Amino acid sequence: LTRYCLTGLYVGFATIGVFVWWYLSHGVTFKQLTDWGGCAVWSLSGQEPLRLDPALMDSLGDYPCGIFTDMRAKPQTLSLSVLVTMEMLKAL
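Rules behind the numbers
- Residues numbered from 1 in each chain as written.
- Predicted model: local features only at pLDDT ≥ 70, side-chain atom pairs only at ≥ 80, totals over all residues.
- Heavy atoms only, no water.
- Helix = DSSP H or I, 4+ residues; strand = E, 2+ residues; numbered from the N terminus.
- Buried < 20%, exposed > 50% of the residue type's maximum accessible area, 1.4 Å probe, protein only.
- Contact = heavy atoms within 4.5 Å.
- Areas by Shrake-Rupley, 256 points an atom, 1.4 Å probe, with all protein chains shown as cover.
- Axes fitted to C-alpha atoms, helices over the stretch in contact; angles between N-to-C directions.
- Parallel < 35°, antiparallel > 145°, perpendicular 65-115°, else oblique.
- Left-handed = near helix turned anticlockwise from the far one by under 90°.
- Core = buried A, V, L, I, M, F, W, Y, C linked by side-chain atoms within 4.5 Å.
- Patch = residues over 30% accessible without salt bridge, like charges linked within 9 Å, V, L, I, M, F, W, Y side chains within 5 Å.
- Salt bridge = Lys/Arg side-chain N within 4 Å of Asp/Glu carboxyl O.
- Polar contact = N/O pair within 3.5 Å; in protein donor to acceptor, adjacent residues only side chain to side chain.

Trainee: Any details on the overall build of the protein? Residues and values, ideally.
Mentor: Along its length, the protein carries 6 helices and 0 strands. Across the protein, helices and strands are ordered from the amino to the carboxyl terminus as α-α-α-α-α-α. Looking at the protein as a whole, 26% of its 92 residues are labelled buried. Taking as baseline every contact in the protein between residues at least 6 positions apart, the subset at least 24 positions apart corresponds to 59%. With the model as given, the accessible surface of the protein reaches about 6400 Å², and the carbon-plus-sulfur share is 66%.

Okay, structure coming up:
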């Protein structure tokens with residue numbers, strides 16, 4: 001039982017870690033990531049607006065909150081790839 005709990009912990013941390021890393025490396029703060037649902041009202045409520053990579057802003061246009069909805073496929077794919085890789089290595 002301990003073995004499965006430990007395995008679940010490190011696999012969970014790795015998959016969530018790569019998901020969070022992708023957003024942090026593209027200019028999203030951890031606070032913004034944890035409150036992503038309120039992105040549309042951040043500038044209205046006086047909170048810090050998103051400051052994303054210029055290359056990323058070109059693809060998002062005038063809607064920077066799209067990084068949480070339209071562009072979520074990339075971090076989700078990275079998380080799933082890490083999960084599959086870890087499970088394949090564990091099976092060796």
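There's more to say after this.
Trainee: Give me the packing of helix H1 (residues 2–25) against helix H6 (residues 73–91): which residues, what numbers.
Mentor: The N-to-C vectors of H1 and H6 enclose an angle of 150°; their axes lie 8 Å apart at closest approach. Considering the angle they form, H1 stands roughly antiparallel to H6. Two packed elements cross with a definite hand, and for H1 against H6 that hand is right-handed. Of H6, the residues touching H1 (which contributes Thr7, Tyr10, Val11, Ala14, Thr15, Val18, Phe19, Trp21, Trp22 and Tyr23) are Lys74, Pro75, Gln76, Leu78, Ser79, Val82, Leu83, Met86, Glu87 and Lys90.

Trainee: Tell me about the nonpolar core, residues and numbers included.
Mentor: Of all hydrophobic cores here, the largest spans 13 residues; its most connected members are Tyr23, Val28, Leu33, Leu50, Leu52, Ile67 and Phe68. Of all the elements in the fold, those that place two or more residues in this core are H1, helix H4 (54–60) and helix H5 (66–69). If you tally residues by element for this core, the top one is H1, at 3 residues.

Trainee: Go over a nonpolar patch on the surface, please, and point to the residues and values.
Mentor: There is a patch of nonpolar side chains on the surface, built from Leu80, Leu83, Val84 and Met88 and spanning about 360 Å² of accessible area. With respect to the element layout, Leu80 can be found in helix H6. On the basis of relative accessibility, which here comes to 53%, the residue Leu80 falls in the exposed class.

Trainee: I'd like to hear about the side chain of Thr15, residue by residue, with values.
Mentor: Relative to the helices and strands, Thr15 is located in helix H1. Among the polar contacts made by the side chain of Thr15, one reaches the main-chain carbonyl oxygen of Gly12 at a distance of 3.0 Å. Setting aside residues no more than four positions away along its own chain, Thr15 makes contact with Ser79, Val82 and Leu83.

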